[in-house]
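Okay, here's what each chain looks like letter by letter:
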Amino acid sequence: MGKAVTIGSGIFLSIGGFLFGYDSGIITSTIGQPKFIEYFGAPDAATTGGIVSGFTGGAIIGSLSCSWLADSLGRKRTIFIGGVTSTIGCSLQAGAATVAMLIAGRVIAGISVGILTAVVPMYCSEIAEAAYRGALSGLLQWMLSWGFLFAQWIGYGCNYNNTSFQWRFPLAVQVIPSLALCIGIWFLQESPRWLMEKDRYDEAREALRRLHGNGNNDEYLELEYREIHDTIVAEKTVAVRSWKGLISRPSWRKRLLLGCGIQAFGQLSGINVINYYGVSIYKLLGFDTRDSLLIIGLSGALSVVECSLALYFLERLGRIKLMIFSAAGMGCALVVNAVLSQYFVTNDGRQQPNSNALRAMVAMNFVFNPFFFTFTGVISWVYPAEIFPVEIRARGNSISTLTNWSLGLIIGQISPIALEAVGFRYFYAFFVFNIGAALCYAFFYPETKGRTLEQMDTLFGDQVVPHALEDSVAAAAAMEGFEKGGDAQIERL
């Protein structure tokens, strides 16, 4: 029963990913809809970049605020705040009368998604057991792909309407999952690790029983409780509460660099150029708006399958090998597109009659997507959520997510200008980023598969006490010494 409760909680929490994916997808079709262009007076490239990037700018604020909200108010209340904020922002977008009002709505909705993308993977990692933690945290990206799919086909269908419904209705749909998140979050368990960190031990024990108990595993639950309790109590003796502490301790600094790095490489893969500006990209290739939306919709449908495969492979093959393979594959797909465009399809902005090369470029976008959605798209959210100790988890995950959104803001703002100026040669930059990412994964990133959150300290050389699930006798002796002799009795392992 406990496992079903945990998995059900993870699926519900992934509504936050649906909101992220839906917005990423719907803005792609919205800015290309004829009635949208007519209503707002054919926005230029800079204005279009502002509309897209307003969401990302809000997400930067939201992800940074999560560092305080999640620690002070808890994971559940933080998600509720994200749901309320999303409802307000999406309503403003759907009712926008001016570009300024539309951008304001996107900024507010972005704040919500910034909060949710920082807290949901962390919350899922804290309620899951090690055997399926990656898959549960990865549900954010899985539901993101569903949101993207819904957005593309709703946008495609609304293209047949010749009123403002063509773009207002797709933007209004986002209010439904936002309200569901606001209501449903109160039926979930609070994170037992957050409760433990706040010295609410009885509540934490009960939460663990509801999440992981099956009626026949009391001994395991007790050992799990002891491992979490012992690690958190011991870490509090060396905890540094200031922001400076995140970089003053070498092991924490390494965690922060790895968390920020994997999020940065996710953005620098080039995925959001394709996501946000899909219609513009296919127009460069000679497709009209409706055909462009159809191609993007088919791609979105495949991304659901690709993310489902990721949840299967994640706990079987680990994180790092998959990330190396993913980055190399994305880089190759993008460089092929850049070469085809430069030499066979376009030349100084003029369309060339090479239909085979044109089809090959569309195919390369379909090749790119499985490399991203099956691996990088999922793991870039999972990895930061599991490498930080509990006393800095909210801050560390917040800064990692902030890195993602900050780069997204820059890419979202410059991409329409770059595509207009240099076309697909813009993709050469992302080829270089992806190859660099593959090398970094190979040399600097430790594998986290199969370890509990408390056991991550062995990977970073800052283990404080033995882990009860690995050696219950040594863990009990260490804590007894700690209780009798204080901080001096705990030796660094």
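Everything here concerns the structure above.
From a predicted model like this one, the values you see are computed outputs, not experimental measurements.

Here is what the cut-offs are and how they apply
- Residues numbered from 1 in each chain as written.
- Predicted model: local features only at pLDDT ≥ 70, side-chain atom pairs only at ≥ 80, totals over all residues.
- Heavy atoms only, no water.
- Axes fitted to C-alpha atoms, helices over the stretch in contact; angles between N-to-C directions.
- Helix = DSSP H or I, 4+ residues; strand = E, 2+ residues; numbered from the N terminus.
- Parallel < 35°, antiparallel > 145°, perpendicular 65-115°, else oblique.
- Left-handed = near helix turned anticlockwise from the far one by under 90°.
- Contact = heavy atoms within 4.5 Å.
- Expected span 1.5 Å × (residues − 1).
- Salt bridge = Lys/Arg side-chain N within 4 Å of Asp/Glu carboxyl O.
- Buried < 20%, exposed > 50% of the residue type's maximum accessible area, 1.4 Å probe, protein only.

Turning to the packing of helix H2 (residues 15-30) against helix H6 (residues 99-127), a few remarks are in order. Relative to each other, H2 and H6 sit at 140°, their axes nearing to 9 Å. Considered as vectors, H2 and H6 are oriented oblique to each other. Relative to H6, H2 is oriented so that their crossing is left-handed. Across the interface between the two elements, Gly16, Leu19, Phe20, Asp23 and Ile27 from H2 touch Arg106, Val113, Leu116 and Thr117 from H6.

Between its first and last C-alpha atoms helix H18 (residues 289-317) spans 40 Å; for 29 residues at 1.5 Å apiece the expected length is 42 Å, and the two agree. Of the residues flanking the end of H18, it is glycine 318, one or two places downstream, whose phi is positive at about 85°.

Evaluation of the coordinates by the stated rule reveals 14 salt bridges. For glutamate 454, the salt bridge identified is with arginine 193, shortest N-O distance 2.8 Å. Of this pair, glutamate 454 sits in the loop between helix H22 (427-444) and helix H23 (457-460) while arginine 193 is found in helix H11 (residues 192-197), placing the two residues 261 residues apart along the sequence. For the pair shown, glutamate 454 and arginine 193 are each scored as buried. Across the salt bridge formed by glutamate 222 and arginine 205, the nearest N and O atoms sit 2.7 Å from each other. With glutamate 222 in helix H13 (residues 218-236) and arginine 205 in helix H12 (residues 201-212), the pair connects residues that are 17 residues apart, well separated along the chain. Judged by relative accessible area, glutamate 222 falls into the partly exposed class, the value being 34%. Given the relative accessible area of 35%, arginine 205 is considered partly exposed. Within the structure, one salt-bridge network assembled from shared partners comprises Asp71, Arg75, Glu126 and Arg393.

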